[in-house]
Amino acid sequence: MQIRKAVLFTVAGALLLPLTIKAQKSSINTFSPYTLYGVGGLSTQGTANLRSMGGIGVGYRDSRWIDPFMVTFNYLNPASYSAVPQMSFVFNFELEGENFYLSDGQRKTSYNTFNVRDIGFVLPIARNFGMGFSLTPYSSIGYKMETRIDDDEIVANIGDVWKKYSGSGDINQFKLGLGYQLFKNFSVGVDAIYYHGYLDRVQNITIESITGGGGYGDTQAHMSEKVSRFMMMAGMQYSAINKPERSLTFGATYNLGGKLNSTYKQYVPSDYYGSDTTFLAFRTSDVSLPNKIAVGVYYQTYKVGLGVDYSFSDWGSRNRGYSSAISGGGYARYKNTNTVSAGVELTPNRFEARKYMKRVSYRAGVRYEQDYMTYNGNTVDTKAVTFGVGVPIRLGMPSKLNLGLEYGQKGKTGGNMVKANYFKFSIGLMLFGEDYWFYKQKYD
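Residues numbered from 1 in each chain as written. Predicted model: local features only at pLDDT ≥ 70, side-chain atom pairs only at ≥ 80, totals over all residues. Heavy atoms only, no water.

Remarks on the overall build of the protein
We count it as follows: Strands are runs of DSSP state E lasting at least two residues, helices are runs of H or I lasting at least four, and both sets are numbered from the N terminus onward. Summary of the burial criterion: residues with accessible area below 20% of their type's maximum are buried, those above 50% are exposed, and those between are partly exposed, where the area comes from a 1.4 Å probe applied to protein chains only. A contact between two residues is defined here by any heavy atoms of the two lying within 4.5 Å. Methods summary: accessible areas were calculated by the Shrake-Rupley approach with a probe of 1.4 Å, and residue burial reflects only the protein chains presented.
Counting its regular elements, the protein contains four helices and 21 strands. For the protein, the proportion of its 444 residues judged to be buried stands at 51%. Excluding contacts between residues fewer than 6 apart, the proportion of contacts in the protein whose partners are at least 24 apart in sequence is 68%. Accessible area of the protein: about 21,000 Å², with a carbon and sulfur share of 58%.

Okay, structure coming up:
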């Protein structure tokens, strides 16, 4: 019965994958000039409850010694799949909205997005042996900019020349993995990851005649990129303390990077209406995803959970400097990155029957993250604070409605740079499947 359930959910997830990718192919799911290059802006990983704690999760593990009803979903470390109890499963579905506020010191702009993210489940295959599936965003590009060429000679001979740049697209990741408790308090896991997405960048040049007779028309150049690749991630978790009143778990993951199977084509419209195109180039991208090493620790009691994660990605070691013909003329260079996150969760009384608010989990966290690109020699960092609550749906069951909020800053003003302030809010539904769903029927 459990294997049949696993097959059912895997097939359902596989059917959702192309539908979600198709729905997001032409949408703008982020808004930042820092997504001009590479694979765009990286999405913060983890379900809503973990993102509300700064984005921790490498050492996060269900501790049924402390709370027999504590069952969650953590795709940041496949070793955690082994903790799901038998005769049960957990399903997760989330929505996320984001408000962007950009400023270069003189001008300001804003943009809003709203997207589906983090569809997944985890279920047991045998005792201490679980399987997890997830469909999550990996990166996005989204920008709209324009600039005027102020060269006096060009203006005197041709007229005003305006360049407009826009981009949209996403790369999603599909994970399917197994986690197994190798021996007491020590678990290992592995995820197969499939990356897939489309990235589109457009440059539009408009010339306004000096004679006052209007514009000469628009000239456009397009770069359309398709990305796909299978990769692997391995993880482990060790519970140094696993007692009824407290637990301490150490975790580590290694994400095997590699060159993306990425092809892009550059073309321009052949006529004024853009009904036909002329190809300029059809090439294979040389962008590689990094090897990523992450370590984390999570400590938990009946009331409090504390976690810290650190990760290192060798973007700069695997990629050379990057410059795009449809990017605004700047220069970007890959660099190695470090990320540190920390978070806390407080649940006054998980078993309180009368006072509902004592069963609510309150969360907070911080995160410092380096961007994998430098822009004209300038480094870009993200600093964020997070908050959230986990609202129980039913007494005595782990199903929760997870609400999260994040405020962050990226970049700075001055030196032709842009400072981005953003607010993210997320709504996640984590549902626990009750054990009677897995009982074998006596009669068909």
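Past the structure itself, the notes keep going.
Describing the environment of Leu248
Inspection of the secondary structure assignment puts Leu248 in strand 8 (residues 246–256). Classification of Leu248 by relative accessible area gives buried; the value is 19%. Remark: the alpha-carbon pair of Leu248 and Thr301, spanning 53 residues in sequence, is separated by 9.2 Å. With near-sequence residues (within four places) excluded, Leu248 lies in contact with Tyr238, Ser239, Ala240, Ile241, Val297, Tyr298 and Tyr299.

Thoughts on unusual backbone geometry
Positioned with a positive phi, Asn128 is a non-glycine residue whose angle comes to about 60°. Structurally, the position occupied by Asn128 is in the loop between strand 3 (108–126) and strand 4 (129–149). Take Asn128: its relative accessible area is 21%, and that puts it in the partly exposed class. Here Asn376, not a glycine, exhibits a phi torsion of approximately 50°, which is positive. With respect to the secondary-structure elements, Asn376 resides in the loop between strand 18 (373–375) and strand 19 (381–392).

Digging into the environment of Met131
Take Met131: it is sitting in strand 4. Judged by its relative accessible area of 9%, Met131 is buried. For the pair Met131 and Leu176, spaced 45 residues apart in the sequence, the C-alpha separation amounts to 7.5 Å.

Details of the side chain of Glu406
What counts here: Pairing of N or O atoms within 3.5 Å defines a polar contact, subject to two protein rules: one partner must be a possible hydrogen donor and the other a possible acceptor, and residues neighboring in sequence count only if both atoms are side-chain atoms.
As for its position among the elements, Glu406 is in strand 20 (residues 400–410). Overall, the relative accessible area of 5% leaves Glu406 in the buried class. Only 2.7 Å separates the side chain of Glu406 from the side chain of Arg367, close enough to count as a polar contact. Once residues lying within four places of it in the same chain are set aside, the contact partners of Glu406 are Arg367, Ala384, Val385, Thr386, Tyr422, Phe423 and Lys424.

Considering the confidence of the model for the protein
Just so we agree on the cut-off: For every residue, the predictor assigns a confidence score, pLDDT, that lies between 0 and 100.
Overall, the prediction assigns the protein a mean pLDDT of 82, with 78% of residues at 70 or greater. This stretch, residues 1–26, has a pLDDT under 50; its non-local contacts, to residues over four places away or in other chains, come to 38 contacts. Overall, residues 324–328 carries pLDDT values under 50, and its contacts beyond four positions in sequence, including any with other chains, amount to 16 contacts.

Structural notes on the pattern of salt bridges
As a reminder, the rule being used: Salt bridges are counted wherever a side-chain nitrogen of Lys or Arg sits within 4 Å of a carboxyl oxygen of Asp or Glu.
Evaluated as defined, the whole model comprises 10 salt bridges. For Glu96, the salt bridge goes to Arg51, with nearest N and O atoms at 3.7 Å. On the criterion of sequence distance, the pair formed by Glu96 in strand 2 (residues 89–103) and Arg51 in helix 2 (residues 48–51) is long-range, its members being 45 residues apart. Each member of the pair, Glu96 as well as Arg51, carries the same accessibility label: buried.

Remarks on the packing of aromatic side chains
Going by this rule: Side-chain rings of Phe, Tyr and Trp, where Trp is taken by its six-membered ring, are said to pair if the distance between their centres is within 6.5 Å; with planes under 30 degrees apart they count as stacked, over 60 as edge-to-face, and otherwise as tilted.
Applying the stated criterion across every chain, the model contains 17 aromatic pairs. Note on Phe129 and Tyr180: the rings are 5.7 Å apart at their centroids and 90° apart in plane angle, and the pair reads as edge-to-face. With Phe129 in strand 4 and Tyr180 in strand 5 (residues 159–183), this residue pair connects regions lying 51 residues apart in the sequence. Accessibility expressed as a relative area gives 25% for Phe129, which makes it partly exposed. One aromatic cluster in this structure is built from Tyr34, Tyr37 and Tyr375.

Quick look at the nonpolar core
For clarity, the threshold we go by: Among the buried residues, those of types Ala, Val, Leu, Ile, Met, Phe, Trp, Tyr and Cys that are joined through side-chain atoms within 4.5 Å form a nonpolar core.
Counting residues in hydrophobic clusters, the biggest one holds 33 residues, and the most contacted among them are Val39 and Tyr375. Those elements that place two or more of their residues in this core are strand 2, strand 4, strand 5, strand 6 (186–209), strand 7 (215–242), strand 15 (332–334), strand 18 and strand 21 (419–433). Excluding its chain neighbours within four sequence positions, the residues that come into contact with Val39 are Tyr138, Ser139, Ser140, Ile141, Ile171, Leu199, Leu260, Val287, Trp315 and Tyr372. The next biggest cluster of nonpolar side chains, apart from the first, holds 15 residues, and it includes Tyr60, Val90, Met397 and Phe432.

Digging into the pairing of strand 16 (residues 337–346)
For the record, the criterion: Note: two strands are recorded as paired if DSSP finds a minimum of 2 bridges between them.
Only one face of strand 16 is buried: it carries Thr337, Thr339, Ser341, Gly343 and Glu345, and the other face, with Asn338, Val340, Ala342, Val344 and Leu346, is open. Two strands pair when backbone bridges link them, and strand 14 (residues 304–313) and strand 16 are joined in this way by 10 bridges, in the antiparallel orientation. Across the sheet, residue Tyr310 finds its bridge partner in strand 16, namely Val340. With eight bridges connecting them, strand 16 and strand 17 (residues 361–370) associate as antiparallel partners. Residue pairing across strands places Val340 opposite Tyr368, the latter belonging to strand 17.

Description of a nonpolar patch on the surface
Our working definition: Patches were defined on residues exceeding 30% relative accessible area and lacking a salt bridge, with like-charge contacts within 9 Å and nonpolar side-chain contacts (Val, Leu, Ile, Met, Phe, Trp, Tyr) within 5 Å.
A surface patch of nonpolar side chains, amounting to about 880 Å² of accessible area, comprises Leu178, Val190, Met232, Tyr254, Leu256, Ile293, Val295, Val308, Tyr310, Val340 and Tyr368. Elements that contribute at least two residues to the nonpolar patch include exactly strand 8, strand 13 (292–301) and strand 14. Its location among the elements puts Val308 in strand 14.

A short note on the pairing of strand 21
Both strand 2 and strand 21 contribute to a ladder of 15 bridges, which runs antiparallel. Bridge pairing in strand 21 links Phe93 to Leu429. Note: strand 20 against strand 21, 11 bridges, orientation antiparallel. Residue pairing in the sheet places Lys410 in a bridge with Ala420 of strand 21.

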